[in-house]
Amino acid sequence: MRHWEKKGKKMNYADIKQYDVANGLGVRVSVFVSGCTHHCKNCFNPETWDFTYGRPFTQVEIQRILDYLKPSYVAGLSILGGEPFEKTNQEGLLPLLKQVKERYPEKDIWCYSGYLFDSQILGQMCQESETTQKMLSYIDILVDGRFVEEKKNLKLRFRGSENQRIIDVKQSLETGRVVLWQEEEKL
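First, a word on what this report is: a plain description of the structure on this page.

Rules used throughout
- All residue numbers refer to position in the chain's written sequence, counted from 1.
- The predicted origin of the model limits local features to residues at a pLDDT of at least 70 and limits the giving and counting of side-chain atom pairs to 80 or more, whereas totals for whole chains, interfaces and linings rest on all residues.
- Only hydrogens and water are set aside; all other atoms, that is, all heavy atoms of the structure, feed into the side-chain values.
- Strands here mean DSSP runs of E at least two residues long; helices mean DSSP runs of H or I at least four residues long; both are numbered from the N terminus.
- For this measure, only C-alpha atoms enter the radius of gyration; the expected value for a globule follows 2.2 Å times N^0.38, where N is the number of residues.
- Using a 1.4 Å probe on the protein chains alone, a residue whose accessible area is under 20% of its type maximum counts as buried, one over 50% counts as exposed, and one in between counts as partly exposed.
- Here, two residues are considered to be in contact whenever any of their heavy atoms come within 4.5 Å of each other.
- Computed with a 1.4 Å probe, the accessible areas rest on the Shrake-Rupley method; for each residue, only the protein chains presented here act as cover.
- Angular values range over 0 to 180 degrees, each being the angle between N-to-C directions of two axes fitted as lines to C-alpha atoms, with helices fitted over their stretch in contact.
- Oblique is the label for every angle not falling under 35 degrees (roughly parallel), over 145 degrees (roughly antiparallel), or within 65 to 115 degrees (roughly perpendicular).
- Throughout, a crossing is termed right-handed when the near helix is turned clockwise from the far one, and left-handed when it is turned anticlockwise from it by less than a right angle.
- Pairs of N or O atoms within 3.5 Å make up the polar contacts considered here, provided that, within protein, one atom can donate a hydrogen while the other can accept it, and that residues adjacent in sequence are counted only when both atoms are side-chain atoms.

Overview of the overall build of the chain
Of the regular secondary structure elements, the chain holds 6 helices and 7 strands. From first element to last, N terminus to C terminus, the chain shows the α and β order β-β-β-α-β-α-β-α-α-β-β-α-α. Computed over the C-alpha atoms, the radius of gyration of the chain is 15 Å, within 12% of the 16 Å expected from 2.2 N^0.38 for a compact globule of 187 residues. Principal-axis analysis of the C-alpha atoms gives the chain an extent of 40 × 40 × 30 Å. Residues classed as buried in the chain amount to 50% of the 187 residues present. A sequence separation of at least 24 residues applies to 67% of the contacts in the chain between residues at least 6 apart. If you sum the accessible surface of the chain, you get close to 9500 Å²; carbon and sulfur atoms cover 50% of it.

Here's the deal with unusual backbone geometry
In this structure, the amide linkage connecting Gly-81 to the following residue, Gly-82, adopts the cis form with an omega of 15°. Despite not being glycine, Phe-158 has its phi angle at roughly 65°, a positive value. Positionally, Phe-158 belongs in the loop between strand E6 (141-144) and strand E7 (165-168).

So, the packing of helix H2 (residues 87-103) against helix H4 (residues 130-138)
Any two packed helices are characterised by the angle at which their axes cross and by the distance between the axes. It is at 9 Å that the axes of H2 and H4 come closest, and there the two elements cross at 40°. If you check the angle between H2 and H4, you find them oblique. In this structure, H2 meets H4 at a crossing whose hand is left-handed. On H4, the residues touching Lys-87, Gln-90, Glu-91, Leu-93, Leu-94, Leu-97, Lys-98 and Lys-101 of H2 are Thr-131, Thr-132, Lys-134, Met-135 and Tyr-138.

Some details on the side chain of Ser-129
Structurally, Ser-129 is set in the loop between helix H3 (117-128) and H4. Here Lys-87 takes part through its side chain, which lies 3.0 Å from a polar atom of the side chain of Ser-129. Within polar-contact distance, the side chain of Ser-129 engages the backbone nitrogen of Thr-131 at 3.2 Å. Beyond its immediate sequence surroundings of up to four residues, Ser-129 is in contact with Lys-87 and Gln-90.

Here it is, written out as structure tokens:
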């Protein structure tokens, strides 16, 4: 069993930010999940490596997030961690992502993952888990790749190291190849 396939545990979250402008375009609501097996050197959020850190993620938190997303000036939702694509976290996030898209189809969803979109998420996880496929169907933008201290670049927007990519998930799935998000077109 791979580490993203852990079953039987409920997702915890470390934090929910009502207003965030650092983790995606515009004013966003951000959810920081607990649990990560990457353990990147100098991770900005190492306390979230522990799957039991924080509090249980329930429908109460989902409703709070939906309420936070209501104002028209909120552009969307960002999911960070920890690692959103750990199996326990996928199962915990799926109801949230579904409800956000149903209620606010005009708002986008950004997700940050240390897993690589093409080889690990599409190449392995989606092949082995319908949950991964469903989760990916709700995500608009994916920032992929582990944080690499030696490639850290403070001038980059929405990512910490030069190896990380900002991927347009919808276009990538439609074309069958990785399509990078074109920031200039969105500003």
